[in-house]
Amino acid sequence: DRLIGVQVRNGKIKHELLIDAYYTLFEEANKELTLSDPVTCTIAHHLADECVTASRHREAITYFRKAFVSRKKLFGEDNVYSLLAEYGLALSLAPTKQFREAYELFLDLITRFDVHPQFGPHHDKTMMCVISYVDVSHISGDKMSTEVYLRRLLAYYQNEKPDHEKAMAIIQELNST
């Protein structure tokens, strides 16, 4: 995977070819192993990641959902890989204007990441969920959640990354709500 990623970034492999290769690999794995096998779930997740990179979000949703549902059955909903597939799914839903589901998934992810031993409330992945949740909350008009999570983001940036430009943007946004 790392070698393939380097070759894509260096232009040695065209992105669409990589998606086609992952798609073929997924189809074969799904036929031989089915989605009840972790290898097939991993291939689905990689295919979804590549679809996101190519701005093919509807396709990404399909494969993130397959990976998430299968990993949740295989490993449980609090498994790191299940959570990462759910995160990818939530991120892919917003660009396709499926805000309600994205909103619910981000809220679920924040709750799970906050207490997860590998993440926790100050982990970058948790904070990325908070940022995405705030973005989706703006769209849904949920001002109460927006303010609560903006204050959480502000505390995070002031304590963890005080020089980060995001802190000033959050202060401005809080002043406008």
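Being a predicted model, the structure only gives us computed values, none of them experimental. (Residues numbered from 1 in each chain as written. Predicted model: local features only at pLDDT ≥ 70, side-chain atom pairs only at ≥ 80, totals over all residues. Heavy atoms only, no water.)

S.K.: Would you explain the overall build of the protein chain in this entry?
M.R.: On a plain count of helices and strands, the protein chain comes out with nine helices and zero strands. Per-residue burial over the protein chain gives 40% buried out of 177 residues. Counting every atom, the protein chain has about 9900 Å² of accessible surface; 54% of that belongs to carbon and sulfur. (Helix = DSSP H or I, 4+ residues; strand = E, 2+ residues; numbered from the N terminus. Buried < 20%, exposed > 50% of the residue type's maximum accessible area, 1.4 Å probe, protein only. Areas by Shrake-Rupley, 256 points an atom, 1.4 Å probe, with all protein chains shown as cover.)

S.K.: Can you help me understand the pattern of salt bridges in this one?
M.R.: If charged atoms from side chains of opposite charge come close, those side chains can pair. All chains considered together, the criterion is met by eight salt bridges. For Arg56, the salt bridge is made with Glu59, and the minimal N-O distance between the two is 2.6 Å. Relative accessible area serves as the criterion here: at 23%, Arg56 is assigned to the partly exposed category. For Glu59, a relative accessible area of 33% gives the class partly exposed. Two residues, Arg152 and Asp114, come together in a salt bridge whose shortest N-O distance is 2.4 Å. (Salt bridge = Lys/Arg side-chain N within 4 Å of Asp/Glu carboxyl O.)

S.K.: Can you walk me through the packing of helix α4 (residues 57–75) against helix α5 (residues 80–93) in this structure?
M.R.: Each pair of packed helices gets described by two things: the angle between the helix axes and the distance between those axes. Put simply, α4 and α5 touch, their axes get as near as 8 Å, and they point 155 degrees apart. Here α5 runs roughly antiparallel to α4, going by the angle between their axes. Relative to α5, the crossing made by α4 is left-handed. In this structure, α4 uses His57, Ala60, Ile61, Phe64, Arg65, Ala67, Phe68, Arg71, Lys72 and Phe75 to contact α5, whose residues at the interface are Tyr81, Ser82, Ala85, Glu86, Gly88, Leu89, Ser92 and Leu93. Looking at the contact of α4 with α5 residue by residue, the classes come out as ten nonpolar, four polar and four charged. (Axes fitted to C-alpha atoms, helices over the stretch in contact; angles between N-to-C directions. Parallel < 35°, antiparallel > 145°, perpendicular 65-115°, else oblique. Left-handed = near helix turned anticlockwise from the far one by under 90°. Contact = heavy atoms within 4.5 Å. Nonpolar A, V, L, I, M, F, W, Y, C, P; charged D, E, K, R; others polar.)

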